[in-house]
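Remarks on the overall topology
Here are the chains, one letter per residue:
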Amino acid sequence: MGDGKKVRVRFAPSPTGYFHIGGARTALFNWLYARHCQGTFILRIEDTDRSRSTDESLHTLLDGLRWLGLDWDEGPEAGGASGPYLQSERGDIYGQYLERLNESGRSYERDGAIWFRVSGRPVTIQDVVHGPVVRLEEKDFVIVRSDGSPSFHFANVVDDLAMEISHVIRGEDHLSNASKHVELFQAFGAIPPQFAHIPLILKTSGPGKMSKRETGALVDEYRARHYLPEALRNYLCLLGWSPKNDLEIMAIDDIIDRFDLAGINRSNARFDEKKLSHMNGTYLRRLSKKNFFLLAHPILAEKFGPAALADGAYVAKVLEICQEKVRSLEELPAFCAHFFQKNPELDAALWEKFFRESAACLEEFLSAIEMAKDFTADDLEDLLHHLAAAGGRTARDYIHPIRFACSGQLVGPSFYAMLATLGAGRVRDRLRRFLDRCRQ
RNA sequence: GUCCCGUUCGUCUAGUCCGGCCCAGGACACCGGAUUUUCAUUCCGGCAACAGGGGUUCGAAUCCCCUACGGGACGCCA
């Protein structure tokens, strides 16, 4: 805001691959800054390399941005006064700007392409995160390819000028290119925008920056794995920026309030999926019961079919006791499968072990609940404690085998709540089935 | 090779601008304990860093220089 000029920022991806984490973070920082300053966030598609641009990746990009909650004020599908927003449709504009360069003698033709003549003087890149960076651009470079299409450097600068971009926020891999861009702005007699070259995201381990090729690098992967977009977004905010008050889990409005370009770090950051995962879990547990249900239901329906979910009250109860324990929505189906299957799969080796060690406990428990009239978590806890005391055992001796016999698992929701939710019928059936199998 | 940027716990970071409050704080991960029920939840505790060397200063993570290491750019890719 500082200079009173209207803040206009842009995210300018090229739709040549999928939407990756680095791009998402760049989009996010632009969006945050625009919202912080009540400026304009523009989406511009740099598809000048037609051979590498596809419709599919454009849609992946738009969907990914929407999924992360990054809405754009101008751009594809939104329109705006500075359009069109696809570079492939801006040929006339590039032609006009090229003419200006021709007139001032800054361009020339060679090998069928049009080149820009550099000034031969160092230029200063005014960068908000790095401070002024002085760099000499030594070689002339192509601005229009021999096939007539504008090069990245040329189209990028022309568009930033035509769209009146006030701040260029992009990855640090462009810092060296910025001297070309400043030369171009100056050749047009324009004052370059403020730059903010943000640190790169490095791969989780090993050398180099994160590339689209490796697993965990694409926004779509997290979406497919049912990560919460708010969690991913929150995590990405903290990669290269911090609110400086030790807070990490923050509402997006609070982040917008505090976000500032000057607070962006200068060093590259390594992507830590474990921390993201932890953050996702925190968001999941903070969801209201209702929202958790809304998110989880379609995932379960896809896995178990709508028929298994016919009893809505039962599903709601299951989800309620799972929410506090499950790590992610991705793991939810496996975590709660036994609630929706007729007979959960029992691992043979474990069955053998529990049969050998705990058949007596299971028999005892089964006969105790055969006559039990109430089947709440509290009742079951009392019942089990009495049983254990009477038999000279501990509750633990019963819990493991019962959980296994009833769910086929060794971990799961809180034990008594699980039995109560399953209900007396299912619990008795499964215990009988387990014991019957022992007699064969 | 040339040029540009960077360097605080294993990782993300606070502190660096305006040197003392920092024998360096938070989070993830990891390890241990508690929740007289498992656990992947929750709570408590622990481990762990100023890249190295010179300077400036009464005093440096903070300022200056050098070295090392890391990253990036040098395309008719973006």
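Residues numbered from 1 in each chain as written. Chains lettered and ligands numbered in written order. Predicted model: local features only at pLDDT ≥ 70, side-chain atom pairs only at ≥ 80, totals over all residues. Heavy atoms only, no water.

Here's the deal with the domain arrangement of chain A
For chain A, the domain assignment lists domain 1 (289-337) and domain 2 (348-439). Domain 1 and domain 2 are separated by 23 Å when their C-alpha centres are compared. Approximately 720 Å² of surface area, both sides summed, lies buried where domain 1 meets domain 2, with 63% of it carried by carbon and sulfur atoms. Across the contact surface, domain 1 and domain 2 share zero salt bridges. Inspection of the domain 1/domain 2 interface yields zero residue pairs in polar contact (both at pLDDT 80 or more). When contributions to the side of domain 1 that touches domain 2 are tallied by element, the ones reaching two or more residues are α11 (312-323) and α12 (332-340). Considering every element that reaches the side of domain 1 that touches domain 2, the biggest residue donor is α11, with five residues. Of the residues in the side of domain 1 that touches domain 2, the class split is six nonpolar, no polar and three charged. (Domains from an automatic or database assignment. Buried area = accessible area lost by both parts, 1.4 Å probe. Salt bridge = Lys/Arg side-chain N within 4 Å of Asp/Glu carboxyl O. Polar contact = N/O pair within 3.5 Å; in protein donor to acceptor, adjacent residues only side chain to side chain. Helix = DSSP H or I, 4+ residues; strand = E, 2+ residues; numbered from the N terminus. Nonpolar A, V, L, I, M, F, W, Y, C, P; charged D, E, K, R; others polar.)

Side note on the layout of surface pockets
Counted as a void, the largest pocket has a volume near 1,000 Å³. Every residue lining the largest pocket is counted, 38 residues in all, and those nearest its centre are Pro13, Ser14, His20, Asp173 and His174. Secondary structure elements with two or more residues in the lining of the largest pocket: β1 (8-11), α1 (21-37), α4 (152-162) and β8 (167-171). No other element matches the five residues that α1 contributes to the lining of the largest pocket. What lines the second largest pocket is a set of 18 residues, among which Lys5, Ile191, Pro192, Pro193 and Gln194 lie closest to the centre. Secondary-structure elements contributing two or more residues to the lining of the second largest pocket are β5 (122-127), α4, α5 (178-187) and β9 (194-198). At three residues, β5 tops the list of elements feeding residues into the lining of the second largest pocket. Considering only residue class, the lining of the second largest pocket consists of nine nonpolar, five polar and four charged. (1 Å grid on protein atoms, 1.4 Å probe; cavity = no way out; pocket = protein on both sides within 12 Å on 5 of 7 lines; lining within 4 Å. Points joined across faces, edges and corners; volume = space filled by probe spheres on them.)

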